[in-house]
Amino acid sequence: MDNNITYDLLITNGHIVDIANNMNQVSNIAILDGKIALINDEIGSIQYRRKIDAYGNIITAGLIDLHTHVAGGLRKIHQEDLMRSADSGGVNSGITTLLDAGSTGAYNVGAFVNEVVANSKTNVFALLNIGTMGIMRIPEVRSLDDIDSKGTIEAINSRPDVLKGVKLRMVSPAIRELGSDLVSCAKAVSSDSNSLLMVHVGDITGKSSEAVQLAPFLLSRVLECGDIVTHSFSHQPGGLLSNGRPLDEISEAKKKGVIFDIGVGVANFSFDSAKIMLDSGFIPDTLSSDITLAGLYDGPVFSLFDAMGKIMSLGLSLTDIVKMTTLGPAKALGMENEIGSIQIGRKADISIFELIEGQFIFHDVTGATNKGNLAIRPKLAIKNGDVM
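What you see is a predicted model, and the numbers here were worked out from it, not measured in a lab.

(A) View of unusual backbone geometry. A cis amide bond links Ile-138 to the next residue, Pro-139, at an omega of 0 degrees. Here Pro-139 shows up in the loop between strand E10 (123-129) and helix H3 (149-158). For the bond from Gly-299 to Pro-300, the omega torsion is 5 degrees, close enough to zero to count as cis. The residue Asn-194 is not glycine, and still its phi comes out positive at about 55 degrees. By secondary structure assignment, the location of Asn-194 is in the loop between helix H5 (180-192) and strand E12 (196-200). Backbone geometry at Asn-243 places phi at a positive 55 degrees, although glycine is not the residue there. One can find Asn-243 in the loop between strand E14 (241-242) and strand E15 (245-246).

(B) Broad picture of empty space enclosed by the protein. Scanning all chains against the criterion turns up four cavities of 30 Å³ or more. The volume enclosed by the largest cavity comes to roughly 60 Å³. Lining of the largest cavity is provided by Ala-61, Gly-62, Thr-96, Thr-97, Glu-338, Ile-339, Gly-340, Ser-341, Arg-346, Lys-347 and Asp-349. Each residue belonging to the lining of the largest cavity can be placed in one class, and the counts come to two nonpolar, five polar and four charged. Considered as a void within the structure, the second largest cavity measures approximately 50 Å³ in volume. Partitioning the lining of the second largest cavity into residue classes produces three nonpolar, four polar and two charged.

(C) Spatial organisation of the environment of Ser-234. Relative to the helices and strands, Ser-234 is located in the loop between strand E13 (228-230) and E14. For Ser-234, a relative accessible area of 1% puts it in the buried group. Separated by 74 residues in sequence, Ser-234 and Pro-160 have C-alpha atoms that sit 30 Å apart. Contacts of Ser-234, omitting those with residues within four sequence positions, involve Val-201, Gly-202, Leu-241, Asn-268, Phe-269 and Ser-273.

(D) How the structure looks around the sheet that holds strand E9 (residues 95-101). Pairing is parallel in the open sheet, where seven strands are placed in the order E8-E9-E10-E11-E12-E13-E16. One side of each edge strand has no neighbouring strand; the edge strands of this open sheet are strand E8 (63-68) and strand E16 (259-261). Strand after strand, the sheet turns through a mean of 25 degrees between neighbouring axes, direction not considered.

(E) Quick peek at the packing of helix H10 (residues 304-312) against helix H11 (residues 318-325). One can describe the packing of H10 onto H11 by two numbers: an axis separation of 10 Å at closest approach and a directional angle of 140 degrees. What the angle tells us is that H10 and H11 run oblique. As H10 runs across H11, the sense of the crossing is right-handed. In contact with Leu-304, Met-308, Ile-311 and Met-312 of H10, H11 contributes Leu-318, Ile-321 and Thr-325. Classifying every residue of the contact of H10 with H11 by side-chain character gives six nonpolar, one polar and no charged.

Basis of the calculations
- For every chain, the first residue of the written sequence is number 1, and numbering continues from 1 along that sequence.
- Only residues with pLDDT of at least 70 are given local features in this predicted model, and only at 80 or more are side-chain atom pairs given and counted; all residues enter the totals for whole chains, interfaces and linings.
- The side-chain numbers reported here are obtained from all heavy atoms of the structure, hydrogens and water having been left aside.
- The helix and strand labels rest on DSSP assignments: H or I over at least four residues marks a helix, E over at least two residues marks a strand, and numbering proceeds from the N terminus.
- A 1.4 Å probe that fits but cannot get out identifies a cavity on a 1 Å grid over protein atoms alone, an open set with protein on both sides within 12 Å along at least five of seven lines counts as a pocket, and a residue lines either if it has an atom within 4 Å of a point.
- Grid points are joined across faces, edges and corners, and a volume is the space filled by probe spheres set on the points.
- Think of it as three bins: nonpolar holds Ala, Val, Leu, Ile, Met, Phe, Trp, Tyr, Cys and Pro, charged holds Asp, Glu, Lys and Arg, and polar takes everything else, Gly as well.
- Exposed residues in this analysis have more than 50% of their type's maximum accessible area, buried residues have under 20%, and partly exposed residues fall in between, with area computed by a 1.4 Å probe over protein chains only.
- We call two residues in contact when some of their heavy atoms are within 4.5 Å.
- Note on pairing: DSSP must find at least two bridges between two strands before they are called paired.
- Every angle, taken between N-to-C directions, lies between 0 and 180 degrees, and every axis is a line fitted to C-alpha atoms, over only the stretch in contact when it is a helix.
- When describing relative orientation, an angle under 35 degrees is termed roughly parallel and one over 145 degrees roughly antiparallel, while 65 to 115 degrees is termed roughly perpendicular and anything else oblique.
- Take the far helix as the reference: if the near one is turned anticlockwise from it by less than a right angle, the crossing is left-handed, and if turned clockwise, right-handed.

Here you go:
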């Protein structure tokens, strides 16, 4: 420790939870020139320009929300009811990195990249919807006329630093009209653009038998290592449950390296489904909010932190939840060498939050509730060393 250095920011007395470095202890972090410069239990007579006393709070690598809809400003001039703005869902909510999951497609992603990504303090990445207009128009896919495979591949290849892959919602009417061709088409675009595929399971619109039949096909014959299933705890037809039990194909997909995301969302999560899945020994890889403006105001998921509380109420530990919102999604994005852990020399992306003890009741879309004794209150995010 060099006492001749004056650090830009000193964070003291916080409880650091970092999975990659096996840290679970109270310590101090010093930041210089936007990067983590020091992690030390003793700070002595260190010099600093600004100090944050994080006593009683949890410090993690900047949280990563792997499933969001943050194309705010691109859909309606006023009275927007679906898309959230990136910074309101990101750094202003204590989260440093967001993945937008299919809000835009090949024909309108330019506005997302040039406006949302370019003007946000939050790290914002995106998956291109297989439908050319994304969920700016719902349903986004009615027929093959709504898909431009070549245009989607060209868009991803033009900005692979931002556009990480393809998003497909396996819902009606598309799956009734196109069946397995829809899934295979999305996977072909993903493969040809050398990018990942995220698939929404659970037919929230049509609750069709086709969705039920496609889920095993998706897991066993389509998805590959690095692809993502979102809404792992869905109760909707075509999810990971069939006749009240987990699909047999899940374990094989896990072995292949398929990533399973919880993706709570407004209508894609139930406590009953979660309990069945967890009781079977299934543990998801990542936890995301699937946040929209509708969820922000009406619930049943209000933020990533609310989603974290929900999942902890099911018996998962704080360490489990931190892994699912830091290192897990960083690996899913192929960015674990850049984000997802607290390490000297890395950009100082940090989340600070408080664990609140009490008696809390969490809700799902079916009207069911689950009791928990911990909730999470965000305090602040630090992005590239700047306090947000």
